[in-house]
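The chain contents come next:
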Amino acid sequence: ILAERIPNTVILVTTSLLISAALGLAVGSWLARRAGSRVDRAVTYLSAVSNALPSWWIGIVLLIVFAYQLRLFPSGGMLSSPPPEDWFSRGIDVLWHSFLPVLTLVAISTGPSIYASRSMLLNVAQEDFVSVARAKGLPERAISWRHVLRPAAPPIVTGLILALPASLGGAILTETVFNWPGMGRLYYNAVLTGDEGLVVALTYLYTLMYVVARFALEVIYVYLDPRIRV
């Protein structure tokens, strides 16, 4: 049962997590170089709003607009009925069905990702070694990549790696709204039906994924932070 649901959750939740992380790092680093500007204040405010939005509400709004009014996307499920037979058409159909739930998760997670990346990069940019690099006349691009982004990488990567096990756990509310057959929906149904064996198996799997993520972080730190090697 778990083997059937994990790929579905990877398609939905992990994809949205990677998109949010990429957008957060790109926009956050851009804002860190413009701290205090009007754009910085506006995006920071929007990030707080994004963090406060409930996923089920965003999902329902997207369903009303894009599924029922504009009829551009399906209202739920993972495949059409009947599903396409060839693998290419089947993949396109899955992408079509996953667009709205992925957009929902990206909408609520991009804001916190932007704010966290901006804060970490901004703190590092105010360190003395960055000022020394600028005083030496190094190009701003080299300073951003080598002297700001690399020291800020460990906490940013920590948030991303630890979010991956949570993403594999699935977004229960989002998968329920869009009737997506993933891990979150499986957990929801297991609790409703009182399937204790399945609840225990899911809980054990989430814990195991977290332990593996923590071990992976210990290895990644060695490559990201030269001080750990010493």
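Source: prediction; values computed, not measured.

S.K.: With reference to specific residues and values, describe helix 8 (residues 183-193).
M.R.: Along helix 8, the residues classified as buried are Met183, Gly184, Arg185, Leu186, Tyr187 and Ala190. Where helix 8 ends, the next residue or the one after it, Gly194, has phi of about 70°, a positive value.

S.K.: Any chance you could break down the pattern of salt bridges for me, citing the residues and the numbers?
M.R.: Taken as a whole, this structure holds three salt bridges when the rule is applied. One salt bridge in this structure joins Asp40 and Arg118, with 2.6 Å as the shortest N-O distance. Residue Asp40 is located in helix 2 (residues 38-52), and its partner Arg118 is located in helix 4 (residues 87-125); the two are separated by 78 residues in the primary sequence. In this structure, Glu218 and Arg214 form a salt bridge, with 3.4 Å as the shortest nitrogen-oxygen distance. Remark: Arg214 and Glu218 occur in helix 9 (residues 196-224); sequence separation between them is four residues, near one turn of the helix.

S.K.: Outline the side chain of Thr174, listing residues and values.
M.R.: Mapped onto the fold, Thr174 is located in helix 7 (residues 172-177). If we skip the residues at most four places from it in the chain, Thr174 touches Ser55, Pro101, Thr104 and Leu105.

S.K.: Let's hear about a nonpolar patch on the surface: which residues, and what values?
M.R.: A contiguous nonpolar patch, built from Trp56, Trp57, Ile60, Val61, Ile64, Tyr68 and Leu173 and spanning about 670 Å² of accessible area, is present on the exposed surface. Per element, the largest residue contribution to the nonpolar patch is six residues, and it comes from helix 3 (residues 55-69). Within the fold, Ile60 resides in helix 3. Looking at Ile60, the relative accessible area reads 37%, which means it is partly exposed.

S.K.: For the packing of helix 2 against helix 4, give the residues involved together with the corresponding values.
M.R.: Two numbers describe how helix 2 lies on helix 4: the axes approach to 7 Å, and their chain directions differ by 135°. As far as their axial angle goes, helix 4 and helix 2 are oblique. Classified by chirality, the crossing of helix 4 by helix 2 is left-handed. Mapping the contact onto sequence places Asp40, Val43, Thr44, Ser47, Ser50 and Asn51 in helix 2 and Ala107, Ile108, Ser109, Thr110, Gly111, Pro112, Ile114, Tyr115 and Arg118 in helix 4. Split by residue class, the contact of helix 2 with helix 4 holds six nonpolar, seven polar and two charged.

S.K.: Lay out the nonpolar core with the relevant residues and their values.
M.R.: Counting 17 residues, the largest nonpolar core has Leu12, Leu63, Leu100, Leu105 and Trp180 as its most contacted members. Residue assignment for this core shows that the elements contributing at least two residues are helix 1 (2-32), helix 3 and helix 4. The element best represented in this core is helix 4, accounting for six residues. Filtering out sequence-adjacent residues up to four positions away, Leu100 remains in contact with Leu62, Leu63, Phe66, Ala67, Phe73, Pro74 and Phe178. Ranked by size, the runner-up nonpolar core spans 10 residues in total, among them Leu121, Val124, Val130 and Ala133.

S.K.: So, the packing of aromatic side chains: which residues are in play, and what are the values?
M.R.: Overall, the coordinates contain four aromatic pairs when judged by the stated rule. Seen from their ring centres, Phe66 and Phe73 are 6.4 Å apart, and the 70° between their planes marks the pair as edge-to-face. Note on Phe73: relative accessible area 19%, which makes it buried. An aromatic cluster of three or more residues is present, and its members are Phe66, Phe73 and Phe99.

S.K.: Run through unusual backbone geometry, naming residues and quoting values.
M.R.: Across the junction of Ser81 and Pro82, the peptide omega takes the value 0°, indicating a cis bond. Phi is positive for Arg71, close to 55°, though the residue is something other than glycine. Residue placement: Arg71 occurs in the loop between helix 3 and helix 4. Assessed through its relative accessible area of 67%, Arg71 is described here as exposed.

Criteria and thresholds
Residues numbered from 1 in each chain as written. Predicted model: local features only at pLDDT ≥ 70, side-chain atom pairs only at ≥ 80, totals over all residues. Heavy atoms only, no water. Buried < 20%, exposed > 50% of the residue type's maximum accessible area, 1.4 Å probe, protein only. Helix = DSSP H or I, 4+ residues; strand = E, 2+ residues; numbered from the N terminus. Salt bridge = Lys/Arg side-chain N within 4 Å of Asp/Glu carboxyl O. Contact = heavy atoms within 4.5 Å. Patch = residues over 30% accessible without salt bridge, like charges linked within 9 Å, V, L, I, M, F, W, Y side chains within 5 Å. Areas by Shrake-Rupley, 256 points an atom, 1.4 Å probe, with all protein chains shown as cover. Axes fitted to C-alpha atoms, helices over the stretch in contact; angles between N-to-C directions. Parallel < 35°, antiparallel > 145°, perpendicular 65-115°, else oblique. Left-handed = near helix turned anticlockwise from the far one by under 90°. Nonpolar A, V, L, I, M, F, W, Y, C, P; charged D, E, K, R; others polar. Core = buried A, V, L, I, M, F, W, Y, C linked by side-chain atoms within 4.5 Å. Phe/Tyr/Trp six-rings, centres within 6.5 Å; stacked < 30°, edge-to-face > 60°.

Don't take any of this as a statement about function, it's just geometry.
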